[in-house]
Amino acid sequence: MIVSWMTTNSCNLACEHCYQDASVAEERELGTGEARVMIDQIARAGFKIMIFSGGEPLLRPDIFELVAHAASRGLRPVFGSNGTLITAEVAARLKECGAAAMGISVDSLDAAKHDRFRKLENAHALTLAGIENCKQAGLPFQLHTTVVDWNRDEICDITGYAEQIGAIAHYIFFLIPVGRGLAIEGTSLAVRENEALLQDIMRTQAEVSIDVKPTCAPQFTRIARQLGIETRFARGCLAGLTYCVIGSQGIVRPCAYMTEEAGDVRTTPFDEIWHTSPLFERLRGQAYGGSCGVCEFNDTCGGCRARAAHCHDGDYLAQDDYCLHGQQMLHQR
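Residues numbered from 1 in each chain as written. Predicted model: local features only at pLDDT ≥ 70, side-chain atom pairs only at ≥ 80, totals over all residues. Heavy atoms only, no water.

Colleague: Sorry if this is basic, but what is going on with the overall build of the protein here?
Modeller: What the protein contains, in helices and strands, is 13 helices and 10 strands. Taking 333 residues into account, the globule formula puts the C-alpha radius of gyration at 20 Å, and the protein, at 19 Å, falls close to it. Taken along its principal axes, the extent of the C-alpha atoms in the protein is 60 × 45 × 35 Å. When burial is assessed residue by residue, the protein has 58% of its 333 residues classed as buried. Once local pairs closer than 6 in sequence are excluded, the contacts in the protein between residues at least 24 apart make up 69%. As displayed, the protein offers around 13,500 Å² of accessible surface, 50% of which is attributable to carbon and sulfur atoms. Counting 30 positive and 41 negative side-chain charges, the protein places the averaged centre of each group 4 Å from the other. (Helix = DSSP H or I, 4+ residues; strand = E, 2+ residues; numbered from the N terminus. Rg over C-alpha atoms; globule rule 2.2 N^0.38 Å. Buried < 20%, exposed > 50% of the residue type's maximum accessible area, 1.4 Å probe, protein only. Contact = heavy atoms within 4.5 Å. Areas by Shrake-Rupley, 256 points an atom, 1.4 Å probe, with all protein chains shown as cover. Lys, Arg positive; Asp, Glu negative; His and termini not counted. Charge placed at Lys NZ, Arg CZ, Asp CG, Glu CD.)

Here is the structure:
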């Protein structure tokens, strides 16, 4: 099971797609003591992987202490970072305190395109320097890429690049229009283009030695089965099933792109929220509507619950409209 903690809303970048609309720290973000207690509760709930995300998690002054505490509780601490702040000293300290892997964002092999998306002139160069510092420190890393219309044709090239430079994986995020992402919703791929790209990604997965995982595109599990391609990822959407997020102020949600709240760790222990929240219980019932409810692949896909909510007035159990197979099923009925 995986939990992602949005450690802070503070960020040194202003990326166009940011689901958190991150810029400056929010009022009443969890303090060090509160975070340590929360980490204890996460371990008690049976979670195995804890993602330190943001904002930019490296802006938290207590980040090394909290990573060390997570590691001491048997959690595997990993990061979601823009990579620009990973100096040689930071990489060494992260390795020393128990960080297991760094997820670093690379949205284009073209530095100018990456920098425009990330709103910092030298973001690409700083990110590549951060990757090199991870390599020198012996700290495993993987690349994260957000799909938009202007980088669609280089997604699989980035996978090849990730393998070439020694990344352990390439995670590919399909845009969900929340936060600042709402302003660029028009850059999302059309449904047929999305299907074609997922096919390209899964064929590439079969050719490389690293993990490749589409995120917020659970249809990849169906496509892998249809193409006869093996993937170690058995389930598409994990929201509320084996995954959830905790905001910087302690609010628990099923995923980073869903606004529905399951509880507040300041008033209810995280493990109690995880085991008893009505929101999570509903998601675990998997009583999906529309095409998702009758799809023969719903046992492994599940549709994107965040996108379902976005397209159906908050109904997170509705069908995921961003699925060509689902659209074809409805057309045939």
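Colleague: Mind showing me how you'd approach the sheet that holds strand S1 (residues 2-6) here?
Modeller: In a beta sheet, neighbouring strands are held together by backbone hydrogen bonds and run either parallel or antiparallel to one another. Spatial ordering of the open sheet is given by S7-S6-S5-S4-S3-S2-S1-S8-S9-S10, a layout of 10 strands whose pairing is mixed. The sheet is open, and its two edges are formed by strand S7 (211-215) and strand S10 (263-264), each paired on a single side. Looking at chain direction, strand S4 (residues 101-105) and strand S5 (residues 141-147) are connected through 4 bridges and run parallel. Each residue of the ladder has a partner; that of Gly103, found in S5, is Gln142. (Pairing = 2+ DSSP bridges.)

Colleague: When you look at helix H7 (residues 191-205) in this model, what are you seeing that I'm missing?
Modeller: Counting along an α-helix, one turn takes 3.6 residues, and residues three or four places apart therefore face a common direction. Its 15 residues place the ends of H7 21 Å apart at the C-alpha level, agreeing with the 21 Å of an ideal helix rising 1.5 Å per residue. Inspection of H7 places Val191, Asn194, Glu195, Leu197, Leu198, Ile201, Met202, Thr204 and Gln205 among the buried residues, and these make up the whole buried set. (Expected span 1.5 Å × (residues − 1).)

Colleague: Please clarify how the packing of helix H4 (residues 111-118) against helix H5 (residues 123-137) should be interpreted in this entry.
Modeller: Between two packed helices, both the angle of their axes relative to each other and the distance between the axes serve to describe the pair. Contact pair H4 / H5: the axes reach a minimum separation of 7 Å and the direction vectors enclose 100 degrees. One finds that H4 runs roughly perpendicular with respect to H5. Contact residues: Ala111, His114, Asp115 and Arg118 in H4; Ala123, His124 and Thr127 in H5. Partitioning the contact of H4 with H5 into residue classes produces 2 nonpolar, 3 polar and 2 charged. (Axes fitted to C-alpha atoms, helices over the stretch in contact; angles between N-to-C directions. Parallel < 35°, antiparallel > 145°, perpendicular 65-115°, else oblique. Nonpolar A, V, L, I, M, F, W, Y, C, P; charged D, E, K, R; others polar.)

Colleague: In this structure, what is going on with the nonpolar core? I would like to understand it.
Modeller: In terms of nonpolar packing, the biggest core is built from 93 residues, with Met50, Leu143 and Phe270 touching the most fellow members. When residues no more than four places from it in sequence are discounted, the contact partners of Phe270 are Val3, Gln41, Ile42, Ala45, Phe47, Cys244, Ile246, Val252 and Val265. Grouped together as the second largest cluster of nonpolar side chains are 5 residues, Leu13, Cys15, Cys18 and Ala22 included. (Core = buried A, V, L, I, M, F, W, Y, C linked by side-chain atoms within 4.5 Å.)

Colleague: Help me understand helix H8 (residues 220-227) in this model?
Modeller: Among the residues of H8, Phe220, Thr221, Arg222, Ile223 and Ala224 are the ones counted as buried. Just downstream of H8, Gly228 is the residue with a positive phi angle, here 70 degrees.

Colleague: Even after reading the chapter, I still don't get the side chain of Thr215, so can you show me in this structure?
Modeller: Secondary-structure assignment places Thr215 in strand S7. For Thr215, the contacting residues outside a window of four places in its chain are Tyr171, Ile172, Phe173 and Phe174.

Colleague: What should I look at first to understand the pairing of S5 in this one?
Modeller: Where a strand is regular, its side chains alternate between the two sheet faces. In terms of burial, S5 is largely enclosed, as 7 of its 7 residues are buried. Burial along S5 is two-sided: Phe141, Leu143, Thr145 and Val147 and Gln142, His144 and Thr146, pointing in opposite directions, are all buried. Once you follow S5 into helix H6 (residues 155-164) and on to strand S6 (residues 169-174), the crossover reads as right-handed. (Right-handed = clockwise from strand over helix to strand, strands pointing away.)

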